[in-house]
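Chain and residue survey
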Amino acid sequence: MAKPSIALSELVEKGGDVDFVREMLQYAGQRIMEIDVEELCGLPYGERGPGRQNARNGFRERQWETRSGTIGLRIPKLRKGSYFPAFLEPRRTAEKALTAVIQEAYIQGISTRSVDELVKAMGMTGISKSQVSRLCEEIDERVNAFLTRPIEGDWPYLWIDATYVKTRSGGRIVSVAVILAVGVNTDGTRELLGLAVGPSEAEPFWIDFLRSLSRRGLRGVKLVICSSYYVI
C-alpha cells in the first residue's frame, strides 16, 4: 500500500535523481545570475543601445556547497563595479528555496508566483515579470524533458511505489497520488526512470504509467519490487 503522505523533498531523494537535482540547481542558479546581471547592465549580453549602463567582463569560478553536492558556478564580472550574487551570502537559505521550486516542477509545473517568491528569497528584487515567466518556463521544460527522456539500456531491477503529496489546485490545497519508478541498470547505477501524478491510485492510472515506461524504451527487467497491490 502507498504511504498516506510524504514530503516532496523526501520523494525526490527517494527517486534516486540527486544528480539531476544538482544539475538543475546549477542551471537555475546560473540563469538567475545572468538575469540579474542583465538588469544591472540595462541590456542583454551582446546587445548595443542607449540603455546600456554597464558591460560584462568575463567570469570567475566559485564553488557552491549544497545538500545535493558541490556545484560549480561562473559568476559574471562587470567592467564597472563588482557583482556578487546575494544567494551565495552566508546563512542565506536560497538553496532550500531553489530546491523546493525544482521539486514543485516535478509534480505540477511551477507558477510565476513561485519563481517570483524564489527570486525575492534569493535577495534579488529587480527582475522583471517577463524574466520571471521565462525562467519558470525554462525550469519546467528541463524537468519535463528529464521525465520524458528515452530510457536506454537494460534495467534488470525496477522499484515502483506510490505516495500522496499536497499540492495547490484551483486555489485549494489537495492531495494527489504520485507514482514513480526507480531502476538499477547493469552497471549498478540507480536512477529515477519515471514519475506521474493523478487524482488517485486507480488501476487505469497505474496501467498508463507502466505503458509509458515501455513506450520510452524500458527493457531487460528481471525483478520488480512493488508495495502497491494495484500493480500485482
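Read on for a plain summary of the structure. Residue positions are given per chain, counted from 1 along the sequence in the order it is written. Given that the model is predicted, a residue must reach a pLDDT of at least 70 before its local features are reported, and side-chain atom pairs must reach 80 or more before they are shown or counted; all residues, however, enter totals for whole chains, interfaces and linings. Heavy atoms throughout the structure, all of them, feed into the side-chain values; hydrogens and water do not.

1. Quick look at the overall build of the chain
Put simply, DSSP marks the helices as runs of H or I at least four residues long and the strands as runs of E at least two long, and each gets a number from the N terminus on. For the chain, the count of helices and strands is six helices and six strands. Beginning at the N terminus, the succession of helices and strands in the chain can be written as α-α-β-β-α-α-α-β-β-β-α-β. Expressed as a percentage of the 232 residues in the chain, the buried residues total 47%. Using a 1.4 Å probe, accessible areas were evaluated by the Shrake-Rupley method; residue-level cover was limited to the displayed protein chains. When the accessible area of the chain is evaluated, it comes to approximately 12,500 Å², of which 49% is carbon and sulfur surface. In this scheme, a residue with accessible area under 20% of its type's maximum is buried, one over 50% is exposed, and one in between is partly exposed, where area comes from a 1.4 Å probe on protein chains only.

2. Examining the packing of aromatic side chains
The pairing test for Phe, Tyr and Trp rings, Trp by its six-membered ring, is centres within 6.5 Å, and the orientation test on the planes gives stacked under 30 degrees, edge-to-face over 60, and tilted for anything in between. Scanning the model with the defined rule gives three aromatic pairs in all. Centroid distance tryptophan 64 to phenylalanine 87: 5.1 Å. Interplanar angle 55°. Geometry classified as tilted. Of this pair, tryptophan 64 sits in strand S1 (residues 56-66) while phenylalanine 87 sits in the loop between strand S2 (69-78) and helix H3 (94-107), and the two are 23 residues apart along the sequence. Pair check on accessibility: tryptophan 64 and phenylalanine 87 agree, each one buried. Judged by centre distance (6.4 Å) and plane angle (75°), the rings of tryptophan 206 and phenylalanine 209 are edge-to-face. Of this pair, tryptophan 206 and phenylalanine 209 both sit in helix H6 (residues 203-215), three residues apart, roughly one helical turn. On the basis of relative accessible area, phenylalanine 209 is assigned to the buried category, the value being 3%.

3. What about the packing of H3 against helix H5 (residues 129-147)?
Orientation is described by axes fitted as lines to C-alpha atoms, over the contacting stretch for helices, and by angles from 0 to 180 degrees between their N-to-C directions. Where H3 meets H5, the closest approach of the two axes is 9 Å, and the angle between their N-to-C directions is 55°. As far as their axial angle goes, H5 and H3 are oblique. In this structure, H3 meets H5 at a crossing whose hand is right-handed. On H5, the residues that touch Val101, Ala105 and Tyr106 of H3 are Ile139, Asp140, Val143, Phe146 and Leu147. Gly falls in the polar group here, along with every residue not listed as nonpolar (Ala, Val, Leu, Ile, Met, Phe, Trp, Tyr, Cys, Pro) or charged (Asp, Glu, Lys, Arg). Classifying every residue of the contact of H3 with H5 gives seven nonpolar, no polar and one charged. Oblique is the label for any angle not under 35 degrees, not over 145, and not in the 65 to 115 range, which are roughly parallel, roughly antiparallel and roughly perpendicular in turn. We call a crossing left-handed when the near helix sits turned anticlockwise from the far one by less than a right angle, and right-handed when that turn is clockwise. Note on definitions: a residue-residue contact is assigned when non-hydrogen atoms from the two residues lie within 4.5 Å.

4. With respect to the packing of helix H4 (residues 112-121) against H5
A pair of packed helices is characterised by two quantities: the angle between their axes and the separation of those axes. Taken N-terminus to C-terminus, the directions of H4 and H5 make an angle of 110°; their axes are 9 Å apart at the nearest point. Judged on the interaxial angle alone, H5 and H4 are roughly perpendicular. Facing Thr112, Val115, Asp116 and Val119 of H4, the residues of H5 in contact are Lys129, Val132, Ser133, Leu135 and Cys136. Classifying every residue of the contact of H4 with H5 gives five nonpolar, two polar and two charged.

5. Digging into the side chain of arginine 56
Along the polypeptide, arginine 56 turns up in strand S1. On the accessibility criterion, arginine 56 (15% relative accessible area) is buried. Counting of polar contacts relies on pairs of N or O atoms within 3.5 Å, with two restrictions inside protein: one atom must be capable of donating a hydrogen and the other of accepting it, and residues adjacent in sequence are counted only when both atoms are side-chain atoms. A distance of 2.8 Å separates a polar atom in the side chain of arginine 56 from a polar atom in the side chain of glutamate 34.

6. Describing the nonpolar core
Side-chain atoms within 4.5 Å link the members of a nonpolar core, which is a set of buried Ala, Val, Leu, Ile, Met, Phe, Trp, Tyr and Cys residues. Counting residues in each nonpolar core, the largest one holds 48 residues, and the members touching the most others are Phe87, Leu98, Tyr106, Ile139 and Val143. Those elements giving two or more residues to this core turn out to be helix H2 (18-41), S2, H3, H4, H5, strand S4 (172-184) and strand S5 (190-198). No other element matches H2, which puts eleven residues into this core. Beyond its immediate chain neighbours, meaning those up to four positions away, valine 143 contacts Phe20, Met24, Ala105 and Tyr106. Counting residues in each nonpolar core, the second largest holds 16 residues, with Tyr164, Leu193, Trp206 and Phe209 among its members.

7. Some details on the environment of valine 224
Tracing the backbone shows valine 224 in strand S6 (residues 223-226). Excluding residues that lie within four positions of it along the chain, valine 224 makes contacts with Leu158 and Ile160.

8. Observations concerning H4
Those residues of H4 that sit buried are Ser114, Val115, Asp116, Leu118 and Val119. A positive backbone phi angle near 80° is found at glycine 123, which sits one or two residues after H4.

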